[in-house]
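# Residue-level structure breakdown
This is what each chain is made of:
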Amino acid sequence: MSGTVPAKEDHVDVLIVGAGPAGLMLSTWLSRCGVKTRIVDKRGTKIFNGQADGLQCRTLEIFDSFDFAHRAWRESNHMIEICLWNPDENGRLRRSSRIPDTIPGISRFQQVVLHQGRIERFFLDSMKEHGNLSVERGVLPVSLQFDETKAADFNDYPISVELRTLSDDEATPAQRQQHHKTADGQESTLEDGLFRSNLVADDTDDLIRKTENNRADQTELIKAKFMVGCDGAHSWVRRQAGFKLEGDSTDYIWGVLDIIPITDFPDIRSRCAIHSASEGSVMVIPRENKLVRLYIQLQATEYNKSGSKADRSSITPSIILKSAQRILHPYKLDYTYCDWWTAYQIGQRVGDKFSLQERVFLAGDAVHTHSPKAGQGMNVSMQDTYNLGWKLAHVVKGLSEGSILKTYESERKSIAEQLIAFDHRFSRLFSGRPAKDVMDEEGVSMEEFQKAFEKGNEFASGVAVNYGSSPIIAKEGQVVSKPELATKLDIGKRIPSFKVLNHSDGRPWHLQELLKSNGRWRVIVFPGKLTEPANMQRMQTLGKRLEGQGSFVRRYTPPGQSIDSVIEVLTVHPGPRAGIELLDIPDAFHPYHKDLGWDYWKVFVDEESYHEGYGQAYENYGIDPIRGATVIIRPDQYVSWIGEADDYDEMSKFFSGFMKQQAAGKLSGDGAPRL
């Protein structure tokens, strides 16, 4: 601790350090769930341009669950196609193939690109709207104390952090002022992204030393139940926890330009992977607002005058552009407007640990670093905290046992390791010299590169994530799923989306649209044809057990809350819709509220709509329309359990493995007589 006694003290459930995409995803989750949260960032302002830009399918699905995917979808540039360019037998660049950027049918979204500043704005607006939560900027943590004796009690505050408020000058990172002369002779100042690059040393320790004599009214002591470090590759939180990143760096240095290009290169508005014969490689990413991002491999002689470590001071936009011009030859490339630029060194590293006794967590670049060309950094970072957010909320609110927090490291470290392995192979294939012929062992086979690119597309999309067995993923153990009942669903993967119709009004919805990120578990009953008497009888029996005073739905619902606030029961039957009246289905599947009447938004039918076709959900999930099935979905849309449509006992046993029973009491709107 410093010599200054903090002027004030605050107790919070969760303290988040770092307000990049990972930190903002977490604070968005927690604001939706009513968790007392503080989020601080040492920088004085948010990002306004540059930085990460790719949004993968799974990320857009998550944004949609928070109700702002439409903003990203509307503003972004959509990535439809990838063009691969390679040297021909004479060394001249040629387009060798075109492939779809996103695997068709993998998601209802495709990859898009939009600069990080706009993405952060969507989060900030959502946090403000749903929890009146905002980022405290120019605020730096300077000390961390962790009381291990309190770690086992999740109601206690084992974490003590001193925060200091920085001056405006301290909170503004130093940048090299780069000037560029435009076509009309005017000079413009370019935004320098090097201060966030891995070529530049972290300035946190310098800032702490500069602020050691801060006044007491500029310091604050935070007592927290949980702390999450989303503070980047140089993570201060990681160092305080005593953890480290393990891995290596390559010698490859890449420059990045966000420009409005002036060029005769024919595919400048398509995503391109370009290998020249001997000058290196370029990736082209067409952006919004006429911008194009170029990832450009730099030759060592351009930035490394001493023959030793990379010298960032010699890297300029001009050097990056000249390298791109040589790679694209004989095509011409120039610009008069540059929006942003940076440079980085490729490295693949993963953290040795992701949490300190499930009280201090690390996420995003704080636990995994890699090259940006596969569009994974921001996406995987956000998906780290999307995984963690609901778990923290459930533990803080006393809904779940603290043991579920162990699944954060087991699930996300595995994904980080897969990412590092993928990126290690991909970045070397991308950076390597093309093979001249089959006997060229040192060169990279362009056929091998294309296969790796295509194979990597599913992984890069984010939909291939498959979490291993745990108390909340019933692959093995005391509760075991019956995957044969839904043969096209994978336990541990996110549930894919197909259209279903609201039973009451016939409106089509994507199933994922019903799974909003509000902290609820979902039990989705696929009962089979309800016109079959045996199936309707099964529904009646299951409904009575779900409605009963001792049912697992009631057992885990806090007094005074609605029956669907923790575990929501949804129904998708295969039709015909006209053959069944909603009120013929048991009350448990469309609960009654004394002030609001019946819930008409929980029963759906797998049938053709008037205007938007047929989702064929039963067929696409591999569910028999007679036998049916029930699927339990986590609050983050991952499949936890698959079983018989009416197997109440196994459902109850699944939840009993990690949920905390709530005090008995009347639920909101409960007890109304049936009409």
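Residues numbered from 1 in each chain as written. Predicted model: local features only at pLDDT ≥ 70, side-chain atom pairs only at ≥ 80, totals over all residues. Heavy atoms only, no water.

Going by an unreviewed UniProt entry, the protein carries the name FAD-binding domain-containing protein and comes from Penicillium decumbens. Its UniProt record gives the protein the following Sequence similarities (unreviewed entry) comment, quoted word for word: "Belongs to the PheA/TfdB FAD monooxygenase family." (UniProt positions renumbered as here; feature names shortened; annotations may be inferred.)

## A look at the nonpolar core
Formed by 104 residues in total, the largest nonpolar core has its most connected members in Phe63, Met227, Leu392, Trp521, Phe552 and Phe655. Ranked by residue count, the leading element in this core is helix 10 (residues 377-396), at nine residues. If you count residues domain by domain, this core takes at least three from each of domain 1 (8-74 + 113-173 + 201-245 + 350-397) and domain 2 (483-657). Once you skip the residues sitting within four places of it in the chain, leucine 392 turns out to touch Val14, Leu26, Leu30, Phe226, Val228, Phe361 and Leu405. (Core = buried A, V, L, I, M, F, W, Y, C linked by side-chain atoms within 4.5 Å. Buried < 20%, exposed > 50% of the residue type's maximum accessible area, 1.4 Å probe, protein only. Helix = DSSP H or I, 4+ residues; strand = E, 2+ residues; numbered from the N terminus. Domains from an automatic or database assignment. Contact = heavy atoms within 4.5 Å.)

## Let's talk about the pattern of salt bridges
Scanning all chains against the criterion turns up 39 salt bridges. For aspartate 267, the salt bridge is made with arginine 95, and the minimal N-O distance between the two is 2.7 Å. Note that aspartate 267 is positioned in the loop between strand 14 (245-263) and strand 15 (271-275) and arginine 95 in strand 6 (residues 93-100), a separation of 172 residues in sequence. The class of aspartate 267 is buried, set by a relative accessible area of 5%. What makes arginine 95 partly exposed here is its relative accessible area of 32%. In this structure, the salt-bridge partner of aspartate 564 is arginine 520, at a minimum N-O distance of 3.5 Å. Taken as a pair, aspartate 564 in the loop between helix 14 (552-555) and strand 25 (567-573) and arginine 520 in the loop between strand 23 (508-510) and strand 24 (521-526) lie far apart in primary sequence, 44 residues in all. For the residue pair aspartate 564 and arginine 520, the accessibility class agrees, reading buried in each case. Bridged by salt links that share partners, the residues Arg520, Arg522, Asp564, Glu568, Asp599 and Lys602 form one connected network. (Salt bridge = Lys/Arg side-chain N within 4 Å of Asp/Glu carboxyl O.)

## Things to note about the sheet that holds strand 3 (residues 54-55)
Ordered by their spatial adjacency, three strands build an open sheet running 3-7-4, and the pairing between neighbours is antiparallel. Edge positions in the sheet fall to strand 3 and strand 4 (77-78), since each has one partner strand and no second. For strand 4 and strand 7 (residues 112-113), the ladder comprises two bridges, and the chain directions are antiparallel. Across the sheet, the residue bridging to asparagine 77 is valine 113, located in strand 7. (Pairing = 2+ DSSP bridges.)

## Points about helix 10
In this model, helix 10 (20 residues) spans 28 Å end to end at C-alpha, consistent with the 28 Å of a helix rising 1.5 Å per residue. For helix 10, the buried fraction is high: 20 of the 20 residues fall into the buried class. (Expected span 1.5 Å × (residues − 1).)

## Side note on the packing of helix 2 (residues 57-65) against helix 10
The interhelical angle for the contact between helix 2 and helix 10, taken along N-to-C directions, is 45°, at an axis separation of 10 Å. Considering their axes alone, helix 2 and helix 10 lie oblique with respect to each other. In this structure, helix 2 meets helix 10 at a crossing whose hand is left-handed. Here helix 2 contributes Arg58, Thr59, Ile62, Phe63 and Ser65 to the contact with helix 10, which in turn contributes Asn379, Met382, Gln383 and Tyr386. When the residues that make up the contact of helix 2 with helix 10 are grouped by side-chain class, the tally is four nonpolar, four polar and one charged. (Axes fitted to C-alpha atoms, helices over the stretch in contact; angles between N-to-C directions. Parallel < 35°, antiparallel > 145°, perpendicular 65-115°, else oblique. Left-handed = near helix turned anticlockwise from the far one by under 90°. Nonpolar A, V, L, I, M, F, W, Y, C, P; charged D, E, K, R; others polar.)

## Observations concerning the pairing of strand 30 (residues 639-643)
In terms of burial, strand 30 is largely enclosed, as five of its five residues are buried. Hairpin connection between strand 29 (residues 629-633) and strand 30: a loop of five residues separates the two successive antiparallel strands, and glutamine 637 in this loop has a positive phi of roughly 75°.

## Considering the pairing of strand 22 (residues 499-502)
Two strands pair when backbone bridges link them, and strand 22 and strand 23 are joined in this way by three bridges, in the antiparallel orientation. Paired with leucine 501 across the bridge in strand 23 is proline 508. Remark: five residues form the turn of the hairpin made by strand 22 and strand 23, two consecutive strands paired antiparallel; glycine 506 in that turn has positive phi of roughly 80°.

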